[in-house]
Amino acid sequence: MIPSSNWAPRTVNRTVVRCVRSRRRVAHMPSSDWQERTVTSNGRRIHLRVSGDSGPLVLLCHGFPESSYTWHHQLDALGAAGYRAVAMDMPGYGRSAKPEQPSDYRITELVAYCVGVVEALGESTAVIVGHDFGAPVAWASAWTRPDVFRAVVGLSVPFGARGLAALPGDPFGEVRPTVTHREIAGPGLTFYQDYFADRSGKAEKEIEQDLRTFITSGFYGLSADSPLPPELDGVDLTSLPPEHLIGFVRAAMCVPDGEGFAVNLQSPETLPAWLDQETLDIFIDELEAGGMRAPLAWYTNADLNWEVLGQYQGQPLTVPAMFIGGDRDVATIWSQEARLRAADHVSDLRRSVIIPDCGHWIQQEHPDVVNHELLTFLKDL
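Residues numbered from 1 in each chain as written. Predicted model: local features only at pLDDT ≥ 70, side-chain atom pairs only at ≥ 80, totals over all residues. Heavy atoms only, no water.

### A look at the pairing of strand E6 (residues 149-155)
The element E6 is largely enclosed, with a buried count of six among its seven residues. In this view, the connection linking strand E5 (residues 126-131) to its parallel neighbour E6 by way of helix H3 (residues 134-144) has right-handed handedness. Sheet topology places E6 next to strand E9 (residues 321-326); four bridges connect them, and they run parallel. Each residue of the ladder has a partner; that of Leu155, found in E9, is Ile324. (Buried < 20%, exposed > 50% of the residue type's maximum accessible area, 1.4 Å probe, protein only. Helix = DSSP H or I, 4+ residues; strand = E, 2+ residues; numbered from the N terminus. Right-handed = clockwise from strand over helix to strand, strands pointing away. Pairing = 2+ DSSP bridges.)

Laid out in structure tokens, this is it:
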């Protein structure tokens, strides 16, 4: 994540945040014997990885560009602790169905898939957990269906109401998302969500031209292992002044005209300690088998999502909630206003944790911290 040349950072005092420090752990393949299940939800096939035969249901929702496998550390820990942990291949990913119409991935449909999985497993309620784009799905599920989802945990992206992404300048969706995207990007740039949503296929062509390099660079480039520019040394990125925050997001997550998103990423000489080759290969193999069109289709619905959630705007999220972010996660960084004002919209926010030395891939970069926080939260429900 490299700042633009006209961005002039200043060192700011580090905010005192509830945080947990831990050693980085080398990723390992789980030794568990998960169940592989396929259920019908919302009229379509959904593939699940399941750990634990009984106990309270915890539903895990991944984001872009991953699969249910992103939760492999959490599946083991939750199952061992007596929970029925279920990680979904979200629609469009892995071995789940891949509807052709972009509107089939609007937020109300994604919530319906989550509800349908709970019902297909013979349960009436669940705790829902989401990361990246899975976090807005989890938040929206608990917000609109509190009768089913009795608690919620969002990783990376805090609650953003109808705007979903908790973007700077409009954290709770008062403005149509694509308007906010254009204001963030400014002239000569396109916010990455609009780039991914472009139905001419620009992003799809870029990624699939060399999917392995793109995914590898994405995991590394958005992690805390990728080096920051020297001028950001000592800067608390989670508390940037607003005028600097927009510059940071422009540099990290906007695409210059005529370029691709990969211009923002860095390729590693070696994989970071938390990501072994076998784990990376699983993600790449699943994406190669299913293609990128369906995962990218999620991004086409920013304005439609805003419209269909309009009926809920102004209603608080009432179930017990927790947020987990990383101090080097670009989404945690851009969403500082949503985090600071969370109590205005989330009536039972029990924990807000910022993990030091943690980038975007939170549950993989710091699995022990995430497992501890999840189990503590679940125990207290």
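### Some remarks on the confidence of the model for the protein chain
Taken as a whole, the protein chain shows an average pLDDT of 91; of its residues, 92% reach a score of 70 or greater. Note that residues 1-31 has pLDDT below 50 and, in this model, 95 contacts with residues that lie over four places away or in other chains. (pLDDT = per-residue confidence, 0-100. Contact = heavy atoms within 4.5 Å.)

### So, the sheet that holds strand E3 (residues 57-61)
Taken in spatial order, the eight strands of this open sheet run E1-E2-E4-E3-E5-E6-E9-E10, and their pairing is mixed. Each edge of the open sheet is held by one strand with a lone partner, namely strand E1 (35-41) and strand E10 (349-355). Direction aside, neighbouring strands of the sheet carry axes that sit 20° apart on average. Across four bridges, the pairing between strand E2 (residues 44-51) and strand E4 (residues 84-88) is antiparallel. Across the sheet, residue Leu48 finds its bridge partner in E4, namely Met88. (Axes fitted to C-alpha atoms, helices over the stretch in contact; angles between N-to-C directions.)

### So, the pattern of salt bridges
Tallied over the entire structure, the rule returns 16 salt bridges. Taking the shortest distance from any N to any O, the salt bridge between Glu204 and Arg293 comes out at 3.2 Å. Taken together, the residues span a long stretch of sequence, with Glu204 in helix H6 (residues 202-209) and Arg293 in helix H10 (residues 293-297) at a distance of 89 residues. Judged by its relative accessible area of 16%, Glu204 falls in the buried class. Bridged by salt links that share partners, the residues Glu36, Arg49, Arg95 and Glu286 form one connected network. (Salt bridge = Lys/Arg side-chain N within 4 Å of Asp/Glu carboxyl O.)

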